[in-house]
Amino acid sequence: MGILDSDIDWDKIEVGGGGESTPFPAGQYTLEAIEYEDKTFPSSGNQGVAMTFKVLGPTNANRLIWENFVLTGESKVGLQRLKSFCASAGLDVSSQQLNKAMVNSAMNQPIQASISIDAGSNGYPPKNKVKSFLTGNAQAPAAPQAQAQVPQPAQPTGQQVNWQD
């Protein structure tokens, strides 16, 4: 017997409920990366990582922000941003190489980020975007949870990227 085999009372249920899609105010927030996937970007054929971040606070908790890090091709911006993300999670990016183990170590760690609003274009609405990942003294207002110690990967595995380039 499934859930829809019985009657469900609709009286206290509002239509919609698909989640908030308008951007929240720009500012400094505590985030955590909750998932990522390897991706080939169709328009360029470049490879990278598509990552989902969840806002922890101080406001707009549980809102999501999506970021793409393009890791191949001429531009080094995606590599620079991914390096900044890993550093903001407390990883030692000066002595580690980029690989899946490093990214996994940065996942689900509270990080500080400056969030902006991208105006949108080509028919897409405005959306929140990570302007920069913050490290050191650039701290956002207190988050609902304290930053945990980040385990360092023992042996790098997978694709190796030299951070010194």
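Everything that follows concerns the structure shown earlier in this document.
Residues numbered from 1 in each chain as written. Predicted model: local features only at pLDDT ≥ 70, side-chain atom pairs only at ≥ 80, totals over all residues. Heavy atoms only, no water.

Read across the sheet, five strands follow the order S3-S2-S1-S4-S5 without closing on themselves; strand pairing throughout is antiparallel. Two strands lie at the open edges of the sheet, namely strand S3 (64–70) and strand S5 (127–134), each paired on one side alone. Shown here is a sheet whose adjacent strand axes are inclined to one another by a mean of 45°, direction ignored. Inspection of the sheet shows strand S2 (residues 47–57) paired to S3 by seven bridges, in the antiparallel sense. The residue of S3 that forms the bridge with glycine 48 is valine 70. Against the sheet, helix H1 (residues 77–88) engages strand S1 (27–40), S2, S3, strand S4 (111–118) and S5, with an angle of about 65° to S5. (Pairing = 2+ DSSP bridges. Helix = DSSP H or I, 4+ residues; strand = E, 2+ residues; numbered from the N terminus. Axes fitted to C-alpha atoms, helices over the stretch in contact; angles between N-to-C directions. Contact = heavy atoms within 4.5 Å.)

With that settled, consider the nonpolar core. Counting residues in hydrophobic clusters, the biggest one holds 27 residues, and the most contacted among them are Leu31, Met51, Phe53, Ile65, Phe85, Ile115 and Phe133. Of all the elements in the fold, those that place two or more residues in this core are S1, S2, S3, H1, helix H2 (100–106), S4 and S5. Beyond its immediate stretch of four places on either side in the chain, phenylalanine 85 contacts Ala33, Met51, Phe53, Ala106, Ile111 and Phe133. (Core = buried A, V, L, I, M, F, W, Y, C linked by side-chain atoms within 4.5 Å. Buried < 20%, exposed > 50% of the residue type's maximum accessible area, 1.4 Å probe, protein only.)

Glancing now at the side chain of asparagine 128. Within the element layout of this structure, asparagine 128 appears in strand S5. Since its relative accessible area comes to 8%, asparagine 128 is described here as buried. From its side chain, asparagine 128 meets the backbone nitrogen of phenylalanine 24 in a polar contact 3.0 Å long. The residues touching asparagine 128, leaving out its near neighbours within four places in the chain, are Pro23, Phe24, Ile65, Ile115, Ser116 and Ile117. (Polar contact = N/O pair within 3.5 Å; in protein donor to acceptor, adjacent residues only side chain to side chain.)

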